[in-house]
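Results of the structural survey
Now for the letters of each chain:
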Amino acid sequence: MEHNTSRFQSELDFCPECGTVLPLPGIQDKVTCLCCSFSIDVREFEGREIQTSITFNTIDTTSERKMDEAKDIKGPLLDRNCPQCGHEGMVYYTRQMRSADEGQTVFYTCPRCKFQEKEDS
């Protein structure tokens with residue numbers, strides 16, 4: 001299909017038939033849409049300057065606070081000594097990591113030094 005039989009007017013970056021972003025011109029004589037096979041002569045891209053920009057999202061300060069709050073370890077406390085710092089009492093939680101017919105995995109965290117260990121039941 002040639003450029004003069006297009007259904008509507010569009011920018012050269014987009015296929016005028018289906019709206020898909022056209023691939024960059026290469027060494028072929030035509031640029032062909034990967035979606036609908038519409039083709040346009042590569043000479044129509046001559047002298048065209050394409051500019052792009054990237055805008056990064058700003059860091060949300062509320063997410064930083066949530067990360068700081070997550071550092072405070074919460075949960076039930078056990079009479080278990082931390083093997084790293086010797087602190088008496090470790091926080092724990094459980095997760096089913098394997099199949100349902102096997103026991104849960106217990107994760108222990110020291111509230112003082114943040115040392116973590118796990119135990120399979």
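Below is a short write-up of the structure. (Residues numbered from 1 in each chain as written. Predicted model: local features only at pLDDT ≥ 70, side-chain atom pairs only at ≥ 80, totals over all residues. Heavy atoms only, no water.)

Among the nonpolar cores identified, the biggest contains 8 residues, and these are C15, L22, V31, C33, F38, I40, V42 and F45. Counting residues in each nonpolar core, the second largest holds 5 residues, with C82, M90, V106 and C110 among its members. (Core = buried A, V, L, I, M, F, W, Y, C linked by side-chain atoms within 4.5 Å. Buried < 20%, exposed > 50% of the residue type's maximum accessible area, 1.4 Å probe, protein only.)

Under the definition given, this model contains 3 salt bridges. A salt bridge links R43 to D41; the nearest nitrogen and oxygen atoms lie 2.9 Å apart. The exposed category is assigned to R43, whose relative accessible area is 56%. Of the charged contacts in the structure, one is a salt bridge between R80 and E117, with a shortest N-O distance of 3.1 Å. Linking R80 in strand β3 (residues 77-81) with E117 in strand β6 (residues 116-120), this pair joins segments that are 37 residues apart in sequence. What you see here is one network of salt bridges that share partners, running through R80, E117 and E119. (Salt bridge = Lys/Arg side-chain N within 4 Å of Asp/Glu carboxyl O. Helix = DSSP H or I, 4+ residues; strand = E, 2+ residues; numbered from the N terminus.)

This brings us to unusual backbone geometry. Positive phi values are uncommon outside glycine, yet S37 reaches one of about 70°. Tracing the backbone through its elements, the reader meets S37 in the loop between β1 (30-32) and β2 (39-41). Phi angles above zero are rare outside glycine, and K114 is one such case at about 65°. Structurally, K114 is set in the loop between β5 (105-109) and β6.

Another aspect to go through is the environment of C110. You can see C110 is positioned in the loop between β5 and β6. For C110, a relative accessible area of 0% translates into the label buried. Spatially, the C-alpha atom of C110 lies 8.9 Å from that of Y92, the residues being 18 residues apart in sequence. Setting aside chain neighbours within four positions, we find C110 in contact with I73, C82, C85, H87, M90 and F115. (Contact = heavy atoms within 4.5 Å.)

This part takes up the pairing of strand β4 (residues 88-95). One ladder, built from 3 bridges, connects β3 with β4; its direction is antiparallel. Among the inter-strand pairings, L77 is bridged to a residue of β4, identified as V91. Where β3 folds back onto β4 in an antiparallel hairpin, the turn is made up of 6 residues, including G86, whose phi is positive at roughly 80°. Two elements, β4 and β5, share 5 bridges in a ladder whose sense is antiparallel. Within β5, the position partnered with R95 by the bridge is T105. (Pairing = 2+ DSSP bridges.)

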